[in-house]
Amino acid sequence: FVACRDKETLVHFNGNTFDLPFLKQRAAHFSLEHPFDEMEGVDIYKRTAPYKGLLGLESCKQKSIEAFLGIDREDEYNGGQLIKVYEDYTKSGDEEAERLLLLHNHDDMIGMLKILPILSYSDVFAHLFKVSRVQANHYTDLDGSERDEVLMKLRFPIAFPKPLSLHKMDCTFSGEGREGFLKVPLYKEEMKFFYANYKDYYYLPEEDTAVHKAIAFCVDKEHRKQAKASNCYTKKEGAFLPQWDIIFEPIFKRDYEDKVCFFELTDEMKKQPEEFRKYAVHILDMLAHAQ
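Residues numbered from 1 in each chain as written. Predicted model: local features only at pLDDT ≥ 70, side-chain atom pairs only at ≥ 80, totals over all residues. Heavy atoms only, no water.

## Regarding the side chain of aspartate 43
Topologically, aspartate 43 is positioned in strand S2 (residues 40-43). There is no salt bridge for the buried aspartate 43, and the closest opposite charge comes from lysine 46, which lies 4.8 Å off by N-O distance. A distance of 3.3 Å separates the side chain of aspartate 43 from the backbone nitrogen of lysine 46, its partner in a polar contact. The contacts of aspartate 43, once residues within four sequence positions are left out, are His12, Phe13, Asn14, Gly15 and Asn16. (Helix = DSSP H or I, 4+ residues; strand = E, 2+ residues; numbered from the N terminus. Buried < 20%, exposed > 50% of the residue type's maximum accessible area, 1.4 Å probe, protein only. Lys, Arg positive; Asp, Glu negative; His and termini not counted. Salt bridge = Lys/Arg side-chain N within 4 Å of Asp/Glu carboxyl O. Polar contact = N/O pair within 3.5 Å; in protein donor to acceptor, adjacent residues only side chain to side chain. Contact = heavy atoms within 4.5 Å.)

If you want it as C-alpha coordinates, here you go:
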(Lines give C-alpha, C1' and ligand atoms only; values in the text may rest on other atoms or scores of the structure.)
Protein backbone atom coordinates (compact mmCIF):
# COMPACT_ATOMS: atom_id res chain seq x y z
CA PHE A 1 0.00 0.00 0.00
CA VAL A 2 2.93 2.32 0.66
CA ALA A 3 3.95 2.14 -3.01
CA CYS A 4 0.52 3.53 -3.99
CA ARG A 5 0.71 6.49 -1.64
CA ASP A 6 0.16 9.83 -3.42
CA LYS A 7 -0.39 8.03 -6.76
CA GLU A 8 -3.42 8.93 -8.87
CA THR A 9 -3.59 6.00 -11.33
CA LEU A 10 -3.48 2.24 -10.86
CA VAL A 11 -2.70 0.13 -13.93
CA HIS A 12 -3.77 -3.50 -13.69
CA PHE A 13 -4.84 -6.53 -15.68
CA ASN A 14 -8.41 -7.52 -14.79
CA GLY A 15 -7.63 -6.38 -11.25
CA ASN A 16 -11.22 -5.37 -10.50
CA THR A 17 -12.22 -9.03 -10.72
CA PHE A 18 -9.35 -10.71 -8.87
CA ASP A 19 -6.48 -8.72 -7.38
CA LEU A 20 -8.24 -5.67 -5.93
CA PRO A 21 -11.05 -7.54 -4.11
CA PHE A 22 -8.40 -9.81 -2.54
CA LEU A 23 -6.19 -6.89 -1.48
CA LYS A 24 -9.18 -4.99 -0.06
CA GLN A 25 -10.26 -8.06 1.88
CA ARG A 26 -6.78 -8.51 3.34
CA ALA A 27 -6.61 -4.82 4.20
CA ALA A 28 -9.89 -5.09 6.09
CA HIS A 29 -8.70 -8.23 7.87
CA PHE A 30 -5.61 -6.45 9.18
CA SER A 31 -7.42 -3.11 9.78
CA LEU A 32 -5.31 -1.35 7.16
CA GLU A 33 -6.38 1.56 5.00
CA HIS A 34 -6.04 1.13 1.22
CA PRO A 35 -5.96 3.83 -1.48
CA PHE A 36 -7.61 1.90 -4.32
CA ASP A 37 -11.06 3.53 -4.19
CA GLU A 38 -9.50 6.96 -4.64
CA MET A 39 -7.30 5.98 -7.59
CA GLU A 40 -8.25 6.03 -11.25
CA GLY A 41 -8.03 2.52 -12.65
CA VAL A 42 -6.66 1.53 -16.05
CA ASP A 43 -7.64 -2.08 -16.71
CA ILE A 44 -5.60 -3.37 -19.65
CA TYR A 45 -7.87 -6.41 -20.00
CA LYS A 46 -11.14 -4.45 -20.17
CA ARG A 47 -9.66 -1.82 -22.46
CA THR A 48 -8.56 -4.57 -24.87
CA ALA A 49 -11.42 -7.10 -24.69
CA PRO A 50 -13.90 -5.15 -26.90
CA TYR A 51 -11.39 -5.27 -29.77
CA LYS A 52 -10.36 -8.92 -29.49
CA GLY A 53 -11.91 -9.86 -32.85
CA LEU A 54 -10.77 -6.68 -34.53
CA LEU A 55 -7.15 -7.36 -33.55
CA GLY A 56 -7.37 -11.08 -34.29
CA LEU A 57 -6.47 -12.06 -30.72
CA GLU A 58 -6.88 -15.72 -29.77
CA SER A 59 -8.06 -14.54 -26.35
CA CYS A 60 -7.59 -11.51 -24.11
CA LYS A 61 -5.39 -13.32 -21.62
CA GLN A 62 -2.09 -11.63 -20.92
CA LYS A 63 -0.08 -14.34 -22.69
CA SER A 64 -2.21 -13.95 -25.84
CA ILE A 65 -1.57 -10.21 -25.87
CA GLU A 66 2.13 -10.82 -25.33
CA ALA A 67 2.17 -13.25 -28.26
CA PHE A 68 0.31 -10.72 -30.44
CA LEU A 69 2.94 -8.09 -29.64
CA GLY A 70 5.84 -10.51 -30.11
CA ILE A 71 6.86 -10.50 -26.44
CA ASP A 72 8.77 -13.57 -25.24
CA ARG A 73 8.57 -14.94 -21.71
CA GLU A 74 10.40 -17.79 -20.00
CA ASP A 75 7.36 -18.92 -17.98
CA GLU A 76 5.34 -21.59 -19.81
CA TYR A 77 2.54 -22.15 -17.29
CA ASN A 78 -0.82 -20.45 -16.86
CA GLY A 79 -2.38 -19.64 -13.51
CA GLY A 80 -4.67 -22.66 -13.54
CA GLN A 81 -1.80 -25.06 -14.10
CA LEU A 82 0.14 -23.56 -11.20
CA ILE A 83 -2.57 -24.17 -8.62
CA LYS A 84 -1.42 -27.78 -8.20
CA VAL A 85 2.23 -26.62 -8.17
CA TYR A 86 1.41 -24.19 -5.36
CA GLU A 87 -0.46 -26.81 -3.36
CA ASP A 88 2.47 -29.19 -3.68
CA TYR A 89 4.93 -26.44 -2.72
CA THR A 90 3.06 -25.59 0.49
CA LYS A 91 3.42 -29.22 1.54
CA SER A 92 6.94 -29.99 0.37
CA GLY A 93 8.77 -26.68 0.00
CA ASP A 94 10.20 -28.00 -3.26
CA GLU A 95 12.70 -25.50 -4.73
CA GLU A 96 11.71 -26.20 -8.36
CA ALA A 97 8.06 -25.56 -7.55
CA GLU A 98 9.07 -22.30 -5.85
CA ARG A 99 11.10 -21.29 -8.92
CA LEU A 100 8.13 -21.92 -11.24
CA LEU A 101 5.77 -19.91 -9.05
CA LEU A 102 8.13 -16.96 -8.73
CA LEU A 103 8.97 -17.07 -12.44
CA HIS A 104 5.29 -16.91 -13.37
CA ASN A 105 4.68 -13.90 -11.13
CA HIS A 106 7.87 -12.22 -12.34
CA ASP A 107 6.96 -12.64 -16.02
CA ASP A 108 3.38 -11.47 -15.36
CA MET A 109 4.63 -8.25 -13.79
CA ILE A 110 7.29 -7.56 -16.41
CA GLY A 111 4.91 -8.58 -19.18
CA MET A 112 2.19 -6.23 -17.99
CA LEU A 113 4.56 -3.30 -18.49
CA LYS A 114 5.55 -4.57 -21.93
CA ILE A 115 1.95 -4.94 -23.16
CA LEU A 116 0.98 -1.35 -22.32
CA PRO A 117 1.26 -0.36 -26.02
CA ILE A 118 -1.84 -2.52 -26.67
CA LEU A 119 -3.81 0.38 -25.18
CA SER A 120 -3.02 2.43 -28.28
CA TYR A 121 -5.68 0.48 -30.18
CA SER A 122 -8.44 1.36 -27.73
CA ASP A 123 -7.31 5.00 -28.00
CA VAL A 124 -8.47 4.90 -31.63
CA PHE A 125 -12.04 4.21 -30.56
CA ALA A 126 -11.84 6.43 -27.48
CA HIS A 127 -11.45 9.21 -30.09
CA LEU A 128 -8.01 10.28 -28.89
CA PHE A 129 -6.78 11.68 -32.17
CA LYS A 130 -6.54 14.83 -34.23
CA VAL A 131 -7.45 15.24 -37.89
CA SER A 132 -4.36 16.82 -39.37
CA ARG A 133 -5.37 16.90 -43.04
CA VAL A 134 -8.41 16.37 -45.27
CA GLN A 135 -8.43 16.15 -49.03
CA ALA A 136 -10.59 14.87 -51.87
CA ASN A 137 -9.20 12.39 -54.33
CA HIS A 138 -10.38 11.33 -57.78
CA TYR A 139 -9.19 8.02 -59.19
CA THR A 140 -9.92 5.20 -61.63
CA ASP A 141 -10.59 1.82 -60.01
CA LEU A 142 -9.50 -1.59 -61.31
CA ASP A 143 -12.69 -1.89 -63.36
CA GLY A 144 -11.96 1.39 -65.13
CA SER A 145 -14.74 3.26 -63.29
CA GLU A 146 -14.20 6.86 -62.17
CA ARG A 147 -14.37 7.21 -58.38
CA ASP A 148 -14.09 9.92 -55.74
CA GLU A 149 -13.12 9.67 -52.08
CA VAL A 150 -12.33 11.79 -49.05
CA LEU A 151 -9.00 11.11 -47.34
CA MET A 152 -8.45 12.07 -43.70
CA LYS A 153 -5.04 11.92 -42.04
CA LEU A 154 -5.24 11.27 -38.29
CA ARG A 155 -2.60 11.79 -35.61
CA PHE A 156 -2.58 9.66 -32.42
CA PRO A 157 -0.88 10.35 -29.07
CA ILE A 158 0.70 6.87 -28.87
CA ALA A 159 2.24 4.79 -31.66
CA PHE A 160 0.65 1.50 -32.70
CA PRO A 161 2.94 -1.44 -31.83
CA LYS A 162 1.71 -3.20 -34.98
CA PRO A 163 -0.09 -1.82 -38.05
CA LEU A 164 -3.89 -1.84 -37.92
CA SER A 165 -6.13 -2.16 -40.96
CA LEU A 166 -9.95 -2.09 -41.06
CA HIS A 167 -12.37 -2.22 -43.97
CA LYS A 168 -16.16 -2.16 -44.05
CA MET A 169 -18.91 -0.54 -46.12
CA ASP A 170 -16.29 0.69 -48.62
CA CYS A 171 -14.59 2.66 -45.83
CA THR A 172 -10.98 1.93 -44.93
CA PHE A 173 -8.75 2.75 -41.97
CA SER A 174 -5.03 2.02 -41.85
CA GLY A 175 -2.82 2.94 -38.92
CA GLU A 176 0.90 2.63 -38.40
CA GLY A 177 3.17 4.42 -35.96
CA ARG A 178 1.28 7.48 -34.74
CA GLU A 179 -0.51 8.11 -38.02
CA GLY A 180 -3.77 6.82 -39.41
CA PHE A 181 -5.59 7.30 -42.70
CA LEU A 182 -9.32 7.12 -43.30
CA LYS A 183 -10.69 6.66 -46.81
CA VAL A 184 -14.41 7.23 -47.34
CA PRO A 185 -16.19 7.07 -50.71
CA LEU A 186 -17.59 10.36 -52.00
CA TYR A 187 -20.63 9.99 -54.23
CA LYS A 188 -21.27 12.67 -56.85
CA GLU A 189 -24.79 11.91 -57.97
CA GLU A 190 -28.46 12.70 -57.50
CA MET A 191 -29.92 11.91 -54.08
CA LYS A 192 -33.40 12.19 -52.57
CA PHE A 193 -34.48 14.20 -49.55
CA PHE A 194 -37.58 12.64 -47.96
CA TYR A 195 -40.14 14.78 -46.11
CA ALA A 196 -41.39 13.27 -42.85
CA ASN A 197 -44.92 14.78 -42.97
CA TYR A 198 -45.90 13.14 -46.28
CA LYS A 199 -49.63 13.63 -45.63
CA ASP A 200 -49.11 17.36 -46.24
CA TYR A 201 -47.66 16.76 -49.72
CA TYR A 202 -48.73 15.83 -53.22
CA TYR A 203 -46.57 13.69 -55.46
CA LEU A 204 -46.25 14.93 -59.05
CA PRO A 205 -45.48 11.85 -61.22
CA GLU A 206 -44.46 13.80 -64.31
CA GLU A 207 -41.90 15.83 -62.35
CA ASP A 208 -41.02 12.93 -60.01
CA THR A 209 -41.08 15.19 -56.98
CA ALA A 210 -43.26 16.06 -54.00
CA VAL A 211 -44.75 19.50 -53.42
CA HIS A 212 -46.46 20.86 -50.32
CA LYS A 213 -50.22 21.07 -50.63
CA ALA A 214 -50.13 24.78 -49.83
CA ILE A 215 -48.29 25.25 -53.13
CA ALA A 216 -49.61 22.40 -55.26
CA PHE A 217 -53.34 22.96 -54.74
CA CYS A 218 -53.50 24.68 -58.11
CA VAL A 219 -51.98 21.68 -59.95
CA ASP A 220 -54.55 19.76 -61.96
CA LYS A 221 -55.81 16.74 -60.00
CA GLU A 222 -54.91 14.47 -62.92
CA HIS A 223 -51.24 15.42 -62.46
CA ARG A 224 -50.96 15.00 -58.72
CA LYS A 225 -51.40 12.22 -56.17
CA GLN A 226 -51.49 12.07 -52.42
CA ALA A 227 -47.86 11.50 -51.45
CA LYS A 228 -46.71 8.38 -49.66
CA ALA A 229 -43.70 8.05 -47.40
CA SER A 230 -41.80 6.33 -50.22
CA ASN A 231 -42.33 9.09 -52.84
CA CYS A 232 -42.47 12.21 -50.71
CA TYR A 233 -39.13 13.62 -51.79
CA THR A 234 -37.26 16.21 -53.75
CA LYS A 235 -34.05 15.43 -55.61
CA LYS A 236 -30.70 17.15 -55.50
CA GLU A 237 -27.42 16.83 -57.37
CA GLY A 238 -24.34 17.09 -55.23
CA ALA A 239 -21.41 15.40 -53.51
CA PHE A 240 -22.50 13.11 -50.68
CA LEU A 241 -20.81 11.14 -47.88
CA PRO A 242 -22.36 8.08 -46.19
CA GLN A 243 -23.41 7.92 -42.56
CA TRP A 244 -24.84 5.04 -40.52
CA ASP A 245 -26.41 7.21 -37.82
CA ILE A 246 -27.80 10.68 -38.24
CA ILE A 247 -24.67 12.74 -37.58
CA PHE A 248 -25.28 15.52 -40.10
CA GLU A 249 -28.53 16.89 -41.47
CA PRO A 250 -30.32 17.16 -43.78
CA ILE A 251 -30.09 13.48 -44.66
CA PHE A 252 -30.41 12.07 -48.17
CA LYS A 253 -31.04 8.60 -49.56
CA ARG A 254 -31.00 6.88 -52.90
CA ASP A 255 -34.30 5.15 -52.10
CA TYR A 256 -36.71 5.18 -49.18
CA GLU A 257 -35.91 1.63 -47.97
CA ASP A 258 -32.13 2.08 -47.99
CA LYS A 259 -30.38 1.51 -44.64
CA VAL A 260 -27.48 3.83 -45.44
CA CYS A 261 -28.17 7.54 -45.53
CA PHE A 262 -25.99 10.40 -46.75
CA PHE A 263 -25.27 14.05 -46.11
CA GLU A 264 -24.07 16.66 -48.56
CA LEU A 265 -20.43 17.71 -48.45
CA THR A 266 -20.91 21.45 -48.78
CA ASP A 267 -18.37 24.22 -49.25
CA GLU A 268 -19.27 25.42 -45.76
CA MET A 269 -18.38 22.09 -44.16
CA LYS A 270 -15.03 22.06 -45.95
CA LYS A 271 -14.09 25.12 -43.89
CA GLN A 272 -14.85 23.44 -40.53
CA PRO A 273 -12.12 20.99 -39.39
CA GLU A 274 -14.07 19.99 -36.27
CA GLU A 275 -16.88 18.69 -38.46
CA PHE A 276 -14.46 16.31 -40.16
CA ARG A 277 -13.23 15.11 -36.77
CA LYS A 278 -16.84 14.37 -35.80
CA TYR A 279 -17.23 12.43 -39.04
CA ALA A 280 -13.97 10.52 -38.48
CA VAL A 281 -15.25 9.49 -35.03
CA HIS A 282 -18.46 8.21 -36.63
CA ILE A 283 -16.62 6.17 -39.29
CA LEU A 284 -14.19 4.63 -36.78
CA ASP A 285 -17.10 3.66 -34.50
CA MET A 286 -18.83 2.02 -37.45
CA LEU A 287 -15.68 0.10 -38.35
CA ALA A 288 -15.19 -1.05 -34.75
CA HIS A 289 -18.74 -2.36 -34.33
CA ALA A 290 -18.85 -3.92 -37.78
CA GLN A 291 -16.00 -6.36 -37.08
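## A look at the nonpolar core
Within the largest apolar cluster, 47 residues are counted, with the highest numbers of intra-cluster contacts made by Leu55, Ile118, Met152, Leu154, Phe173 and Leu182. Looking at this core, the elements with two or more residues in it are helix H3 (52-55), helix H4 (62-68), helix H7 (119-125), strand S4 (146-168), strand S5 (171-185), strand S10 (233-243) and helix H10 (273-290). With nine residues, the top contributor of residues to this core is H10. The next biggest cluster of nonpolar side chains, apart from the first, holds seven residues, and it includes Phe194, Tyr203, Ala227 and Tyr233. (Core = buried A, V, L, I, M, F, W, Y, C linked by side-chain atoms within 4.5 Å.)

## Brief notes about the pattern of salt bridges
Within this structure, the stated rule accounts for 20 salt bridges. The partner of glutamate 74 in a salt bridge is arginine 99, with the nearest N and O atoms 3.9 Å apart. With a gap of 25 residues between them, glutamate 74 in the loop between H4 and helix H5 (79-92) and arginine 99 in helix H6 (residues 95-114) connect regions that are remote in the sequence. Given a relative accessible area of 39%, arginine 99 falls into the partly exposed group. The salt bridge involving aspartate 88 is made with lysine 84; its shortest N-O contact spans 3.0 Å. Here the residue aspartate 88 and the residue lysine 84 both occupy positions in helix H5, the gap between them amounting to four residues, near one helical turn.

## Some details on the packing of aromatic side chains
Across all of its chains, the model carries 18 aromatic pairs by this definition. Three or more aromatic residues joined by ring pairs form one cluster here, namely Phe68, Tyr121, Phe129, Phe156, Phe160 and Phe173. Against the face of phenylalanine 68 rests lysine 162, its NZ or CZ located 4.3 Å from the ring centre. Geometry around tyrosine 202 places lysine 213 over its ring, the cationic atom sitting 5.3 Å from the centre. (Phe/Tyr/Trp six-rings, centres within 6.5 Å; stacked < 30°, edge-to-face > 60°. Lys NZ or Arg CZ within 6 Å of the ring centre and 35° of its normal.)

## Side note on the packing of H5 against H6
Where H5 meets H6, the axes come as close as 9 Å, and the angle between the chain directions of the two elements is 140 degrees. The orientation of H5 with respect to H6, classified from their angle, is oblique. H6 is crossed by H5, and the crossing has left-handed handedness. Contacts between H5 and H6 involve Gly79, Leu82, Val85, Tyr86 and Tyr89 from the first element and Ala97, Glu98, Leu100, Leu101 and His104 from the second. Tallied by class, residues from the contact of H5 with H6 come to seven nonpolar, two polar and one charged. (Axes fitted to C-alpha atoms, helices over the stretch in contact; angles between N-to-C directions. Parallel < 35°, antiparallel > 145°, perpendicular 65-115°, else oblique. Left-handed = near helix turned anticlockwise from the far one by under 90°. Nonpolar A, V, L, I, M, F, W, Y, C, P; charged D, E, K, R; others polar.)

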